[in-house]
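Report on the structure
Chain by chain, the residues:
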Amino acid sequence: MSPATTTRSLAAALVLAAAAAPGAARAGNKADAFEGKIRPVSGQLYQKAGRLELTPLGALSLEDAFYTKYFGGLKATWHFSEFLAVSGEVSTGAAQRTGSAVVCPANQGCHPASQAELYQVPGRVRMIGGLELAWSPVYGKLNVFAEKVAHFDLSLLAGPDLVVHDEVLASADASALAAAGGKPATKNAFGGHVGLGVRLFLSEALALRWELKDYVYAVDVPNWQENGRARRDVQNQLFTELGLSVFFPFRNRAGTQGAP
Amino acid sequence: MSRTALAGLVLSLAVALPAPASAQLGLDLTAPEPPPKKKEEPKKAPAKPAPAPEKAKPREQKPGLELTPLDLGGKSDVRPRLDAAKKLLDQKKHEEAAAALDAVLREPGLADGHDEARYLLVKALALQGLHYSALTYLDEILERGPSRTKYFHSALEWLFYVGKRLGNEQPILSRVARHARDGVPPAYQDRFHFLLAKYEFERGRALEEAGRAEEATAAWREARRLAGLVRREAGAGAAVSSTGEAPVEDAGDVYARAQFTDGLALYALKEEQAATEKFKEVVRLTNPKKGRTGDPELRELAFLQLARIHYQNKQNRYAVFYYGKMPWGGAQWLEGLWEASYAHYRVGEHEKALGNLLTLQSAYFQDEYYPESWVLKAIVYYENCRYPEARLVLSEFSRRYEAVYDELVAITSKPAAASSFLELSASPRVKKLAETDQTIKRLGETAAEIDAEVDRGLGRRDAAFRASPLGKALQERLAKEKAALVTEAGLRARGKLEYERDQLRAMLAQALRISIEVSRQEREALEGSLAAGSQVEVVKDLRWTHAVSDEHLYWPYEGEFWRDELGTYSYTLTKGCKDRPPRSSAR
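Residues numbered from 1 in each chain as written. Chains lettered and ligands numbered in written order. Predicted model: local features only at pLDDT ≥ 70, side-chain atom pairs only at ≥ 80, totals over all residues.

Looking now at the overall build of chain B. When helices and strands are tallied, chain B shows 24 helices and six strands. Within chain B, buried positions represent 45% of all 587 residues. Considering only contacts in chain B between residues 6 or more positions apart, those separated by 24 or more positions represent 70%. (Helix = DSSP H or I, 4+ residues; strand = E, 2+ residues; numbered from the N terminus. Buried ≥ 20, exposed ≤ 12 C-beta atoms within 10 Å, placed from the backbone. Contact = placed C-beta atoms within 7 Å.)

Rendered as structure tokens:
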């Protein structure tokens, strides 16, 4: 319909910028004249409050020295409001050795880690399931080539998880198991994650969802003895996830965000 | 709210003065008392107070008789009690001091000390933040005049002190006017003259409304004279108490405000050119880079006045310029945006006019009362041969405002006491409409402040204080004060709503006429189609671009309102009349 011409600072930088700007500078901002009087956005095009969001997703682990995980999963999110949501997520898939899993003994050439050696290191995650609380303080829009507008939101994520992973073996057990052609047993570890999430809204019913999460859990590493027993080592598994969200119902709920 | 009568708005803006002026609270339409004579030496006034009458009359003594023990007791008792109360004040035990002073006032035998006790009680109440309570006692002191109380001038200083702390200066305006003849502390001369000027200006308006044009003119001339007495230095810093009693404070740029009042008076006297110069002077004075006391609200009002004067004189480009100078989001910004729509319309900038209306009709301002914005929108669409859109806008206007009209008719035809008119009769929507009258709004604000003083100022003090004679007396005084305000607000609200009812009726009729005209045009197009044997297009594609200046980015509007975009919208007219009417020749 009608174009709006305005000098707008990108909302993407809002969180950091707002925190960094001195009080007086913020007070002088054009947008502050109505601060506290009227909400920043009215008639929000893409609303989440009171809607269920289902997200089939793909996840990829980052920065893991031994195993790269390629997971697929499903996430269900219930939005209490535009700002607050809870989710449940399950993801599973393949864990493949990385190219950097190389052993370089002294005075010898480097060679790829053997199976027995890989059994002795953590990181072979089989499945992750967890709950999540999301806080989405930022809703913004981007000017795409001065032609189109892309709406997005930013979220902070945190929640508890159950991480199913392969047991980390002692060297003797690992060698024996590898020789026998067996596989380590799986173990469960309770942990948690924190992360950042971004939704790029495609329509009222669809959104691209990208998240970056750090899963934290503890595993026993038998090769690393402390006080006569295997050391309990804290693991950080960094994952990036990309999913396509479908919102139910397909349209914004009436009355959840109308009048300012 | 007639677009053809924006001139009236210039005057009505007076009610939106930063320190507002109105015909509220005992505006006296009789001839004013002569102003304080110049030969007075106000500096000496506080230093040489007239003795209190009680002290001025020496007791007659008969030979051989001593003073009665009762008299002696009365005189000898009050001093220690006043000293004790002063000590409590010095120790900032204001509540205890107030109770002690009230006790003194309640004893007829201590009449000698009542004058001082009353004055100290004002201080104790004001310093506790009980400003309206203090005002009621200040009235008692001021009513005695300088000849009957030595605290008169100090009380005037406290009047200014209290007035500065109220939501608006209205409650002290009439008090200042009432006691003008009795002189004023030198440090407050400028504020005093400014307030008097404002009072006279308001008085002039009230007289004009009453049909007493000559007296109104005299009042405005007096307002000009008083505004001219305000010195240019007033506004560069804080007033200094001449009696050393009331705490000093920054009074703001009194000179600039006086100049503004002068401009309003000039406009009222139909000296538009001189008024324009005055408002420009206010703009210069309030320039934040000039180093005077900042007053952004006054600056905004000066721009608005300049815009209105230019609009009224069909200098629409100038009007648009000045409307554009009003700070984004300011108190009068929305009003300016609305009025600017008409200026844009006059010069054929229909896109900008519609863009402004988009802001005005956004969800943010859905409670604001701008019915005429719908009529203007329909007219713009109509003039661009966008008949379906015009019809849609008119239909929406009728849907929204016929109900409001019915409500206004019902309210204004219902007999109700003035004191309960607003409370009993009006829905929140109509209440808000009534409060578009700045005087009613300020009366409401003052009443709310009194409520707050009762609820929080008194309510949060301990039960013993509330139950004390002073606590009860204060509640009674405040209730009386509020009742007077509510009654006045009710009276004015009835008049305001009757006026709005009539205006809305006229607008609904105008909308109907436009609707009929739209139908006629559509019928003619259809007849043309029938005659031609094919569809006749009344609109053509217009050339347009979404290119914007280097300072801006183009953001397509998609139905979502962003706070920082308000006021920047520009409608893209992609289609318009085949034979587009020539644009207005107005400047």
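Let's pick the thread back up.
Attention now goes to the overall build of chain A. The secondary structure content of chain A amounts to four helices and twelve strands. When burial is assessed residue by residue, chain A has 28% of its 260 residues classed as buried. Taking as baseline every contact in chain A between residues at least 6 positions apart, the subset at least 24 positions apart corresponds to 68%.

Two orientations exist for strands paired in a sheet by backbone hydrogen bonds: parallel and antiparallel. Residue and element names in this part refer to chain A. If you trace the eight strands once around the closed barrel, you get β3-β4-β5-β8-β9-β10-β11-β12, paired in antiparallel fashion. The mean inter-strand angle of the sheet, taken between neighbouring strand axes irrespective of direction, is 25°. Pairing of strand β10 (residues 186-201) with strand β11 (residues 206-226) involves ten bridges; the strand directions are antiparallel. By the bridge assignment for β11, Leu-200 is matched with Leu-208. (Pairing = 2+ DSSP bridges. Axes fitted to C-alpha atoms, helices over the stretch in contact; angles between N-to-C directions.)

This part takes up the pairing of β10(A). Pairing of strand β9 (residues 148-166) of chain A with β10(A) involves 16 bridges; the strand directions are antiparallel. Paired with Ala158(A) across the bridge in β10(A) is Val194(A).

Now for the nonpolar core. Residue and element names in this part refer to chain B. By size, the foremost hydrophobic cluster in this structure holds 147 residues, and its most contacted members are Leu-101, Leu-121, Val-122, Leu-138, Ala-155 and Ala-378. With twelve residues, helix α24 (residues 469-532) is the largest single contributor of residues to this core. The residues touching Ala-155, leaving out its near neighbours within four places in the chain, are Tyr-119, Val-122, Leu-138, Ile-141 and Leu-142. (Core = buried A, V, L, I, M, F, W, Y, C linked by C-beta atoms within 7 Å.)

Residues and elements named next belong to chain A. As for its position among the elements, Arg-231 is in strand β12 (residues 229-248). Residues Arg-231 and Val-219 lie twelve residues apart in sequence; the distance between their C-alpha atoms is 8.2 Å. Among all residues touching Arg-231, those that are not within four sequence positions of it are Val-221, Trp-224, Gln-225 and Glu-226.

Before going further, it helps to spend a moment on the confidence of the model for chain B. Residues and elements named next belong to chain B. Residues at a pLDDT of 70 or more form 82% of chain B, whose mean pLDDT is 81. Of all helices and strands in chain B, the one with the weakest mean pLDDT is helix α2 (residues 44-47) (35), whereas helix α15 (residues 316-325) scores best (96). In this model, residues 1-26 is a region of pLDDT below 50 whose contacts with residues beyond four sequence positions or in other chains number 68 contacts. Interface scoring of the predicted complex returns ipTM 0.73; its pTM is 0.74. (pLDDT = per-residue confidence, 0-100.)

Take helix α18 (residues 371-383) of chain B next. Residues and elements named next belong to chain B. In this model α18 runs 19 Å from its N-terminal to its C-terminal C-alpha over 13 residues, within 8% of the 18 Å that 1.5 Å per residue would give. Burial analysis of α18 places eleven of its 13 residues in the buried class, which makes it a mostly covered element. Three or more residues of α18 are buried, namely Glu-372, Ser-373, Trp-374, Val-375, Leu-376, Lys-377, Ala-378, Ile-379, Val-380, Tyr-381 and Tyr-382. Elements in contact with the buried residues of α18: α16 (333-346), α17 (350-360), α19 (387-413) and α24. One or two residues past the end of α18 sits Cys-385, with phi positive at roughly 60°. (Expected span 1.5 Å × (residues − 1).)

Before going further, it helps to spend a moment on the packing of helix α14 (residues 296-312) of chain B against α15(B). When two helices pack together, their arrangement is given by the angle between the helix axes and the distance between those axes. All names here are of chain B. Look at α14 against α15: their axes get within 8 Å of each other, and the N-to-C directions meet at 165°. Classified by the angle their axes make, α14 and α15 are roughly antiparallel. Seen along the crossing, α14 lies across α15 with a hand that is left-handed. Counted together, Phe-303, Leu-306, Ala-307, His-310 and Tyr-311 of α14 and Asn-316, Tyr-318, Ala-319, Tyr-322, Tyr-323 and Lys-325 of α15 form the full contact between these two elements. (Parallel < 35°, antiparallel > 145°, perpendicular 65-115°, else oblique. Left-handed = near helix turned anticlockwise from the far one by under 90°.)

All names here are of chain A. Relative to the elements of secondary structure, Leu-200 occurs in strand β10. As a C-alpha pair, Leu-200 and Gly-243 span 43 residues in sequence and 11 Å in three-dimensional space. Setting aside anything within four residues of it in sequence, one finds Leu-200 in contact with Ala-150, Phe-152, Ala-207 and Leu-208.

Residue and element names in this part refer to chain A. Overall, the prediction assigns chain A a mean pLDDT of 85, with 85% of residues at 70 or greater. Across residues 1-31, confidence stays below pLDDT 50; counting only partners more than four residues off in sequence or on other chains, it has 56 contacts. Confidence over residues 256-260 falls short of pLDDT 50; this stretch has 15 contacts with residues more than four positions distant or in other chains.

Here we take up the pairing of β12(A). Residues and elements named next belong to chain A. Taken together, the nine bridges between strand β3 (residues 52-62) and β12 define a ladder with antiparallel strand orientation. When the bridges of β12 are listed, Leu-60 appears paired with Thr-240. Counting the residues between successive antiparallel strands, the hairpin from β11 to β12 contains two residues, one of them, Asn-227, with a positive phi of roughly 55°.

Peptide bonds are mostly trans, and most non-glycine residues show a negative phi. All names here are of chain A. With an omega of -5°, the peptide bond between Phe-248 and Pro-249 qualifies as cis. Inspection of the secondary structure assignment puts Pro-249 in the segment after β12. In this model, Asn-227 sits at a positive phi of 55°, which is unusual for a non-glycine residue. One can find Asn-227 in the loop between β11 and β12.

This next bit is on α19(B). Since one α-helical turn is 3.6 residues long, residues separated by three or four positions face the same way. All names here are of chain B. Here α19 spans 37 Å end to end across 27 residues, near enough to the 39 Å set by a 1.5 Å rise per residue. For α19, the principal kink sits at Tyr-401 and spans about 30°. Every buried residue belonging to α19 is among Ala-390, Val-393, Leu-394, Phe-397, Tyr-401, Leu-408, Ile-411 and Thr-412, and all of these are buried. (Bend = angle between axes of the 7 residues up to and from the residue.)

All right, on to the environment of Ala218(B) then. Tracing the chain through its elements places Ala218(B) in helix α11 (residues 213-228). Given 17 C-beta atoms within a 10 Å radius, Ala218(B) is considered partly exposed.

Bringing the packing of helix α10 (residues 189-209) of chain B against helix α12 (residues 254-268) of chain B into the picture now. All names here are of chain B. Relative to each other, α10 and α12 sit at 20°, their axes nearing to 10 Å. As summarised for this structure, α10 and α12 are arranged roughly parallel, according to the angle between their axes. You can see that α10 and α12 cross each other, and the crossing is left-handed. When α10 is examined against α12, the residues Asp-190, Arg-191, His-193, Phe-194, Ala-197, Lys-198, Phe-201 and Gly-204 are found in contact with a partner set consisting of Val-254, Arg-257, Ala-258, Thr-261, Leu-264, Ala-265 and Ala-268. Classifying every residue of the contact of α10 with α12 by side-chain character gives eight nonpolar, three polar and four charged. (Nonpolar A, V, L, I, M, F, W, Y, C, P; charged D, E, K, R; others polar.)

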